[in-house]
Amino acid sequence: NGSFGHANESDSVHSTSDFLATGHPASVIIHAVSAIAEMQSGSGAELINAVVLAYDIGSRTVSATGGLKRMERQHGIYAGSFHSIGAAFGCSRLLHLDQTRTLHAAGLALNMGINGYTFYAEKRHMSKALNEGQSASAAVTGALLASMGLEATDDVFEGRGGVIPSWGERGREGELARELGSEYAIMGSNFKFYCAGYPIHSAIEAALLLRQEHGFAVSDISRIRATLPEYPASVVRDRGMPTISLQHMVGAALVAG
């Protein structure tokens with residue numbers, strides 16, 4: 001389910017002024033937590049509580065590492081896979097695990113769910129969806145194994161080999177607990193209105209708005225120039241998979257409306 005959640009580019013993204021861009025938390029968190037909630041016959045309130053917790057932990061973990069861009073360039077790791085830690089916390093909440101077993105679940109999830117950045121070299125961007133699903137699966141597996149007594153590190157954040165010593169950005173350690181319990185990371189979710197890579201949306205909106213205001217036909221267009229910040233542009237410029245190619249999706253939007 002986590003893989004399907006990202007495969008057709010209909011998932012959400014997470015990027016606010018308070019948290020660095022953290023990837024696609026919903027693909028990992030919603031499906032992992034929903035699976036455990038279903039297994040436990042959890043209530044809607046319990047599901048929402050676990051999802052909110054998972055967003056808080058996952059987003060703060062990514063933010064403490066310096067975000068997607070830094071993790072890619074300095075470590076070759078997809079920081080969005082750290083949402084497996086948050087999802088493990090959410091699953092553990094639904095399984096009523098104590099503090100120690102919750103941390104074991106997070107440690108197990110991290111070891112099983114971390115992904116590299118090789119998917120950006122793909123021509124058709126297929127395995128990234130699998131990566132998102134793998135992180136969701138890691139969270140579920142880690143929580144279930146921890147509930148059965150399997151142990152891992154009990155300090156996945158600051159212990160030896162943990163997130164902060166291995167990948168943390170100096171000076172951002174406090175992000176792990178900053179305003180935890182008063183500022184909810186899930187409020188920074190940005191949902192997609194089109195099945196397209198998120199950096200493409202603003203260009204689609206601009207193109208459709210211009211056509212609506214000026215009433216031109218596709219045949220009237222001789223050239224389109226879209227300007228994006230450097231990093232988002234690198235994600236969607238001339239990609240081989242249509243739904244994450246800015247050129248293809250803006251053209252399709254103008255033709256199909």
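Because the structure is predicted, anything quoted here is derived from the model rather than measured.

## Remarks on the overall build of the protein chain
Moving on, step 1. The helix and strand tally for the protein chain stands at 11 helices and four strands.
Moving on, step 2. Compactness check: the protein chain gives a C-alpha radius of gyration of 19 Å against a globular reference of 18 Å for 257 residues, within 12% of the reference.
Moving on, step 3. When its C-alpha atoms are laid out on the principal axes, the protein chain stretches across 65 × 40 × 35 Å.
Moving on, step 4. Put simply, the protein chain shows about 12600 Å² of open surface, and 54% of that area lies on carbon and sulfur atoms.
Moving on, step 5. A gap of 8 Å separates the mean positions of the 19 positive and 24 negative side-chain charges of the protein chain.

## Re the nonpolar core
Moving on, step 1. Core analysis: the largest hydrophobic core is formed by 39 residues, its most contacted members being Phe-82, Ile-85, Phe-89, Phe-157 and Ile-204.
Moving on, step 2. The element that contributes the greatest number of residues to this core is helix H11 (residues 246-256), accounting for five residues.
Moving on, step 3. Judged by nonpolar contacts, the second largest core, of 26 residues, contains Ala-37, Ala-54, Ala-105 and Ala-139.

## Regarding the packing of aromatic side chains
Moving on, step 1. Enumeration according to the criterion identifies five aromatic pairs in this entry.
Moving on, step 2. For the pair Tyr-78 and Tyr-117, a centre-to-centre distance of 5.7 Å together with 90 degrees between the ring planes defines the contact as edge-to-face. Of this pair, Tyr-78 sits in strand E2 (residues 77-78) while Tyr-117 sits in the loop between strand E3 (115-116) and helix H7 (127-147), and the two are 39 residues apart along the sequence.
Moving on, step 3. Under the relative-accessibility criterion, Tyr-78 is labelled buried at 2%.
Moving on, step 4. Ring geometry for Phe-82 against Trp-167: centres 5.3 Å apart, planes inclined by 40 degrees, an arrangement best described as tilted. With a gap of 85 residues between them, Phe-82 in the loop between E2 and helix H5 (83-94) and Trp-167 in helix H8 (residues 163-167) connect regions that are remote in the sequence. The pair Phe-82 / Trp-167 is uniform in exposure class, with both members buried.
Moving on, step 5. Ring-pair connections join several aromatic residues into one group, and the members of that group are Tyr-78, Tyr-117 and Phe-119.

## Observations concerning the pattern of salt bridges
Opposite charge on two side chains lets them pair, provided their charged atoms get close.
Moving on, step 1. The final tally for this structure, using the stated rule, is six salt bridges.
Moving on, step 2. A salt bridge links Glu-179 to Arg-178; its shortest N-O distance comes to 3.2 Å.
Moving on, step 3. Where Arg-178 meets Glu-183, a salt bridge forms, and the shortest distance between an N and an O atom there is 3.2 Å.
Moving on, step 4. Under the relative-accessibility criterion, Glu-183 is labelled buried at 15%.
Moving on, step 5. Here the residues in one salt-bridge network are Glu-169, Arg-172, Glu-175, Arg-178, Glu-179 and Glu-183, joined through shared partners.

## Observations concerning the environment of Leu-103
Moving on, step 1. Tracing the chain through its elements places Leu-103 in helix H6 (residues 99-113).
Moving on, step 2. The class for Leu-103 is buried, based on a relative accessible area of 15%.
Moving on, step 3. For the pair Leu-103 and Leu-145, spaced 42 residues apart in sequence, the C-alpha separation works out to 12 Å.
Moving on, step 4. Discounting chain neighbours no more than four positions away, the residues touching Leu-103 are Phe-89, Thr-153, Asp-154 and Phe-157.

## Quick look at the packing of helix H2 (residues 25-40) against H7
For any two helices packed against each other, the geometry is given by the interaxial angle and the distance between the axes.
Moving on, step 1. Across the interface, H2 lies against H7 with an axial gap of 8 Å and an inter-helix angle of 35 degrees. Between H2 and H7 the crossing geometry is right-handed. Where H2 abuts H7, its residues Ser-27, Val-28, Ala-32, Ala-35, Ile-36 and Met-39 lie against Glu-132, Ser-135, Ala-136, Ala-139, Val-140 and Leu-144.
Moving on, step 2. The class makeup of the residues in the contact of H2 with H7 is nine nonpolar, two polar and one charged.

## Considerations on the packing of helix H9 (residues 201-214) against H11
Moving on, step 1. Relative orientation of the contacting elements H9 and H11 amounts to 30 degrees, with a least axis distance of 9 Å. Judged on the interaxial angle alone, H11 and H9 are roughly parallel. The interaxial crossing formed by H9 with H11 has right-handed handedness. Between H9 and H11, the contacting residues are Ala-203, Ile-204, Ala-207, Leu-208 and Arg-211 on the first element and Leu-246, Met-249, Val-250, Ala-253 and Leu-254 on the second.
Moving on, step 2. Taken together, the residues that form the contact of H9 with H11 break down as nine nonpolar, no polar and one charged.

## Digging into H5
Moving on, step 1. Taking 1.5 Å as the rise per residue, H5 with 12 residues should run 16 Å; its terminal C-alpha atoms sit 17 Å apart, in good agreement.
Moving on, step 2. For H5, a buried count of 11 out of 12 residues is recorded, marking the element as mostly surrounded by other parts of the structure.
Moving on, step 3. Along H5, the residues classified as buried are His-83, Ser-84, Ile-85, Gly-86, Ala-87, Ala-88, Phe-89, Gly-90, Cys-91, Ser-92 and Leu-94.
Moving on, step 4. Buried residues belonging to H5 abut H2, helix H3 (44-64), H6, H7 and H8.
Moving on, step 5. Once H5 ends, the next one or two residues include His-96, with phi positive near 60 degrees.

Criteria and thresholds
Residues numbered from 1 in each chain as written. Predicted model: local features only at pLDDT ≥ 70, side-chain atom pairs only at ≥ 80, totals over all residues. Heavy atoms only, no water. Helix = DSSP H or I, 4+ residues; strand = E, 2+ residues; numbered from the N terminus. Rg over C-alpha atoms; globule rule 2.2 N^0.38 Å. Areas by Shrake-Rupley, 256 points an atom, 1.4 Å probe, with all protein chains shown as cover. Lys, Arg positive; Asp, Glu negative; His and termini not counted. Charge placed at Lys NZ, Arg CZ, Asp CG, Glu CD. Core = buried A, V, L, I, M, F, W, Y, C linked by side-chain atoms within 4.5 Å. Buried < 20%, exposed > 50% of the residue type's maximum accessible area, 1.4 Å probe, protein only. Phe/Tyr/Trp six-rings, centres within 6.5 Å; stacked < 30°, edge-to-face > 60°. Salt bridge = Lys/Arg side-chain N within 4 Å of Asp/Glu carboxyl O. Contact = heavy atoms within 4.5 Å. Axes fitted to C-alpha atoms, helices over the stretch in contact; angles between N-to-C directions. Left-handed = near helix turned anticlockwise from the far one by under 90°. Nonpolar A, V, L, I, M, F, W, Y, C, P; charged D, E, K, R; others polar. Parallel < 35°, antiparallel > 145°, perpendicular 65-115°, else oblique. Expected span 1.5 Å × (residues − 1).

All quantities given are derived from atomic positions and should not be read as evidence of function.
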